[in-house]
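Below are the chains, spelled out letter by letter.
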Amino acid sequence: MMSSSIGIFDSGYGGLTILSEIRALMPQYNYIYLGDNARTPYGTRSFDVVYRYTLESVKQLFSMGCNLVILACNTASAKALRTIQQNDLPKIAPNKRVLGVIRPTTENIGNLTKNGHVGLFGTEGTIDSMSYNIEIARLFPNVKVSGQACPMWVPIIENGESKSDGADYFVQKYCSELLIKDSLVDTVILACTHYPLLIDKIRKYLPRGVNIISQGPIVASSLKDYLSRHKELETTIGKEGKCLFYTTEQPQKFSKNASVFLNEEIKATTLNF
Ligand code: DGL
């Protein structure tokens, strides 16, 4: 039987911040990364469109030999994951699995905040979906969650401007808007996988001592735990430590930008589906 790979999907480059942590923790597995750069950003798109794009990408990764796909995108996790898990998987691939990034993050939040005031930066799609608020209210009813949509951050990052002075304007703007909603936040979740690229600037505009949470390490350790509990899936994954990169846009541009995200030279291939 041919071995499978772990598929990591994002609308663009953001999922690379998750991939790099997963690979650091579990370098033995084979991975396939898919960025839907031709249709990024997802954050401002409707529920139906995000669901359709995500399902197409998941099916593509399945057809390339992935038995497990991680939606390394909060927007896709918020808007498409549940429908894919409940309606699509039983019909198209009952033995394959699709996991998201919201659940592992929310499961950890009660241990991270000391005063119960949590801030959330995300795309409009993620914030409007209230997925984090609902999940955290269920797990940690005493935690107050204040969400702040940051629609300009993904375009800034996708265009390679995350270190520029121009980025400061929008980082400061959304940090101030969050602090107006709750000046007591002691923990802030970067609930968009792109945002770790702005973490230095975000730190600059939040009060000293605020705990800023990137999802990569959380998702990686949760995946490790999942695989230890699902041997039937884990044993199908190839263990040659390979990682292939695919984009729905031009490979040269993806390779150049992804190399910056990952701090390593990569070569991507274009996929049309
Ligand atoms: N990286 C994605 C996320 O975590 C969002 C990017 C987008 O808007 O396409 O939400």
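Refer to the preceding data block for the structure.
A few points on the structure. Source: prediction; values computed, not measured.

Thresholds, definitions, all that
- Residues numbered from 1 in each chain as written.
- Predicted model: local features only at pLDDT ≥ 70, side-chain atom pairs only at ≥ 80, totals over all residues.
- Heavy atoms only, no water.
- Helix = DSSP H or I, 4+ residues; strand = E, 2+ residues; numbered from the N terminus.
- Rg over C-alpha atoms; globule rule 2.2 N^0.38 Å.
- Buried < 20%, exposed > 50% of the residue type's maximum accessible area, 1.4 Å probe, protein only.
- Contact = heavy atoms within 4.5 Å.
- Areas by Shrake-Rupley, 256 points an atom, 1.4 Å probe, with all protein chains shown as cover.
- Near = heavy atom within 4 Å.
- Polar contact = N/O pair within 3.5 Å; in protein donor to acceptor, adjacent residues only side chain to side chain.
- Core = buried A, V, L, I, M, F, W, Y, C linked by side-chain atoms within 4.5 Å.

## Some thoughts on the overall build of the chain
Okay, so step 1: When helices and strands are counted, the chain shows 13 helices and 10 strands.
Okay, so step 2: For the chain, the C-alpha radius of gyration of 18 Å lies close to 19 Å, the compact-globule estimate for 273 residues.
Okay, so step 3: Burial statistics for the chain: of 273 residues in total, 58% are counted as buried.
Okay, so step 4: Residue pairs at least 24 apart in sequence account for 78% of intrachain contacts in the chain once pairs closer than 6 positions are excluded.
Okay, so step 5: Looking at the chain as shown, the accessible area adds up to about 12300 Å², and 51% of this sits on carbon and sulfur atoms.

## Quick notes on the site of the ligand
Okay, so step 1: The environment of the ligand is made up of 14 residues, and the closest members are Ser11, Tyr42, Asn74, Thr75 and His194.
Okay, so step 2: Between the ligand and the protein, one listed contact pairs an oxygen atom with a backbone N or O atom of Asn74 at 2.8 Å.
Okay, so step 3: Measuring from an oxygen atom of the ligand, one finds a backbone N or O atom of Thr193 at 2.9 Å.
Okay, so step 4: Across the complex, the protein chains shield 99% of the 300 Å² of accessible surface that the ligand would expose by itself.

## Section: the nonpolar core
Okay, so step 1: The biggest cluster of nonpolar side chains holds 54 residues, and the ones touching the most others in it are Leu16, Phe121, Ile202 and Phe245.
Okay, so step 2: Listed in part, the 25 residues of the second largest apolar core include Val50, Leu71, Cys73 and Ala80.

## Considering the side chain of Thr40
Okay, so step 1: Counting through the fold element by element, Thr40 comes out in the loop between β2 (31–35) and α2 (47–63).
Okay, so step 2: There is a polar contact of 3.5 Å between the side chain of Thr40 and the side chain of Ser11.
Okay, so step 3: Setting aside its immediate chain neighbours within four residues, Thr40 contacts Ser11, Gly12, Arg45 and Glu158.

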